[in-house]
Amino acid sequence: MTEPSSKKSKMSALAQLKNFTVVVADTGDFETMKKYKPTDATTNPSLILAAAKMPQYKDLISKALKLAVANGKLVKILHLSIFFFSCIYKSFLNKLYFKMYFTDHRTIEEQTEEAMDNLVVLFGTEILSLIPGRVSTEVDARLSFDKEASIAKAIKYIKMYEKAGIPKERVLIKLASTWEGIQAAKVLEQEHGIHCNLTLLFSLYQAIACAESDVTLISPFVGRILDWHVANTDKKSFEPLKDPGVQSVTNIYNYFKKFNYKTVVMGASFRNIGEIKALAGCDLLTISPKLLEELELSNEPLTEYLTVKNGKASDLNKIEIDEAKFRWEMNEDKMANDKLSEGIRNFAADSRKLEKILTEMLKSSNRLIGRHFISRIPSTRSKKNPRRVCKVCSDKGKYMNGIRGRKETSYYCKICDVPLCIILDKKLIWVPHLKERKSANNRFHLLHPILNSKILPIQHKLFICKLINKPIHSYNLVMVSQFAVLPNHPTSVQFRHFNQ
């Protein structure tokens with residue numbers, strides 16, 4: 001094995017490292033990327049959750065929420081239908097708003113999932129405007145054991161990127177290094193030409209399975225391996241070159257170079273710059289902002305420890321692997337098994353936290369723009385058809401007359417979780433508050449011919465605000481006018497006129 005080369009210079013350690021290795025920013029913070037100018041960048045649920053809490057990303061989150069709401073198929077179909085019927089009903093359709101905001105047919109959970117997808121892609125798109133290379137976008141960790149769902153989510157992300165003008169060559173889809181994740185990556189690489197980054201990788205057997213599947217890139221974790229050994233062995237500190245995480249990545253790198261695998265190695269999850277320096281020469285290293293700053297401030301000479309020449313000279317033997325072998329070796333490696341499971345759980349937990357934030361914001365948005373989910377109040381043991389006091393009616397009495405009004409109803413909004421009274425009239429459902437339906441300024445009923453038309457598929461005629469226990473066909477459609485929040489009335493409603 002040849003002696004490692006060193007780079008003696010007054011350059012910073014970060015500048016020296018860039019001569020040996022592609023430096024990747026392990027962050028979702030745009031300012032960090034502008035400062036340190038990495039080639040590539042990676043994201044994960046934890047990084048996006050941290051960024052989502054920062055005030056400077058408020059606009060990006062708002063955009064994700066708006067896209068989630070606007071992407072309902074019903075909106076697009078109604079626009080097409082209005083254009084079609086405008087040729088027939090010009091006399092009155094010309095008076096309508098063409099930029100209408102109807103409630104789509106999705107539940108709040110589906111809207112939240114769409115918002116999550118939009119958010120990760122928006123972050124990736126913004127990052128790609130700051131770096132020359134690629135961004136890694138991670139598939140939900142809760143899909144780590146579902147091959148088909150992982151493939152579908154990855155394809156969706158790529159389509160969203162392409163719609164934003166980003167070619168798929170600039171995107172790496174991150175998947176957990178479970179057997180299912182590796183097989184999903186194999187399908188994506190070979191059948192769809194989608195490049196993948198296999199993360200949460202802690203053992204040589206995971207790495208070999210990825211290489212045999214022609215995965216573009218793997219991310220073996222250094223710091224988390226060190227964490228496990230510190231917590232589970234008597235030794236609490238390690239020299240950089242003897243760090244178990246460093247040794248694991250070095251072993252994987254040498255194996256790949258010795259047997260000419262095309263998969264590249266990106267060391268990840270560092271605890272100190274000593275680990276980074278000990279892996280100088282690795283194909284890529286993804287580094288957190290804190291450690292990037294430490295490298296920028298250091299000017300110690302850097303040594304290139306990992307080289308192709310050294311890898312080919314290593315005394316490693318070829319290992320054959322299949323599913324049974326993979327699962328057995330993972331079972332035998334307590335550290336790899338523990339850290340893989342822990343990593344998936346932690347990423348899933350952060351995804352749930354981010355979903356909770358987006359759900360609350362969506363609920364607030366839905367109240368503002370009128371997306372109320374009208375449904376029957378669930379029956380109870382004591383009452384087959386329970387009735388409760390309408391929130392709006394009671395508030396009107398409380399705030400306007402000084403006494404509490406009362407109007408009972410069997411319906412409520414699933415989002416607001418409050419009762420709302422409704423009136424059925426000529427196949428329409430509407431909320432009788434603040435405006436009279438037959439007012440000269442209220443023309444929402446003019447859309448009735450469009451809603452009853454046969455050109456619209458039945459599934460798209462079902463508004464989220466629908467009446468339960470009614471036959472579903474073109475003559476039992478339901479429609480609720482747009483809602484607006486009034487001062488002191490968090491659940492008050494009023495009609496939105498199309499002739500404004």
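Quick summary incoming for the structure in this document. Predicted, not measured: the structure shown is a model, and the values here were computed from it.

About the thresholds
Residues numbered from 1 in each chain as written. Predicted model: local features only at pLDDT ≥ 70, side-chain atom pairs only at ≥ 80, totals over all residues. Heavy atoms only, no water. Core = buried A, V, L, I, M, F, W, Y, C linked by side-chain atoms within 4.5 Å. Buried < 20%, exposed > 50% of the residue type's maximum accessible area, 1.4 Å probe, protein only. Contact = heavy atoms within 4.5 Å. Salt bridge = Lys/Arg side-chain N within 4 Å of Asp/Glu carboxyl O. Helix = DSSP H or I, 4+ residues; strand = E, 2+ residues; numbered from the N terminus. Phe/Tyr/Trp six-rings, centres within 6.5 Å; stacked < 30°, edge-to-face > 60°. Lys NZ or Arg CZ within 6 Å of the ring centre and 35° of its normal.

**Some points on the nonpolar core**
In step 1: With 104 residues, the main nonpolar core has Leu17, Ile173, Leu175, Leu198, Ile218, Phe256 and Ile287 as its most contacted residues.
In step 2: Once residues within four sequence positions are removed from consideration, isoleucine 287 is found in contact with Leu17, Val23, Val24, Ala25, Asp26, Ile276, Leu292 and Leu295.
In step 3: One finds Val24, Leu172, Met266 and Leu284 within the second-largest nonpolar core, a separate group that totals five residues.

**Regarding the pattern of salt bridges**
When the charged atoms of two side chains with opposite charge come close together, those side chains can pair.
In step 1: According to the stated counting rule, one finds 18 salt bridges in the structure shown.
In step 2: The partner of glutamate 114 in a salt bridge is lysine 156, with the nearest N and O atoms 3.1 Å apart. Residue glutamate 114 is found in helix α7 (residues 108-128), and its partner lysine 156 is found in helix α8 (residues 147-163); the two are separated by 42 residues along the sequence.
In step 3: Residue class for glutamate 114 comes out buried when judged on its relative accessible area of 15%.
In step 4: A salt bridge links aspartate 117 to lysine 156, with the nearest nitrogen and oxygen atoms 2.7 Å apart. Of this pair, aspartate 117 sits in helix α7 while lysine 156 sits in helix α8, and the two are 39 residues apart along the sequence.

**Notes on the environment of cysteine 390**
In step 1: With respect to the secondary-structure elements, cysteine 390 resides in the loop between β12 (388-389) and α18 (391-400).
In step 2: Cysteine 390 sits 19 residues away from threonine 409 along the chain, and the two C-alpha atoms are 6.0 Å apart.

**Thoughts on the packing of aromatic side chains**
In step 1: According to the stated counting rule, one finds eight aromatic pairs in the structure shown.
In step 2: Consider the rings of phenylalanine 30 and tyrosine 57, whose centres lie 5.0 Å apart with planes at 90 degrees: the pair is edge-to-face. Linking phenylalanine 30 in helix α2 (residues 30-36) with tyrosine 57 in the loop between α3 (45-52) and α4 (58-70), this pair joins segments that are 27 residues apart in sequence.
In step 3: We classify tyrosine 57 as buried; its relative accessible area is 3%.
In step 4: In this structure an aromatic cluster arises from ring pairing among Tyr255, Phe256, Phe259 and Tyr261.
In step 5: The ring of phenylalanine 259 has lysine 258 lying over it, and the distance from NZ or CZ to the ring centre is 5.9 Å.

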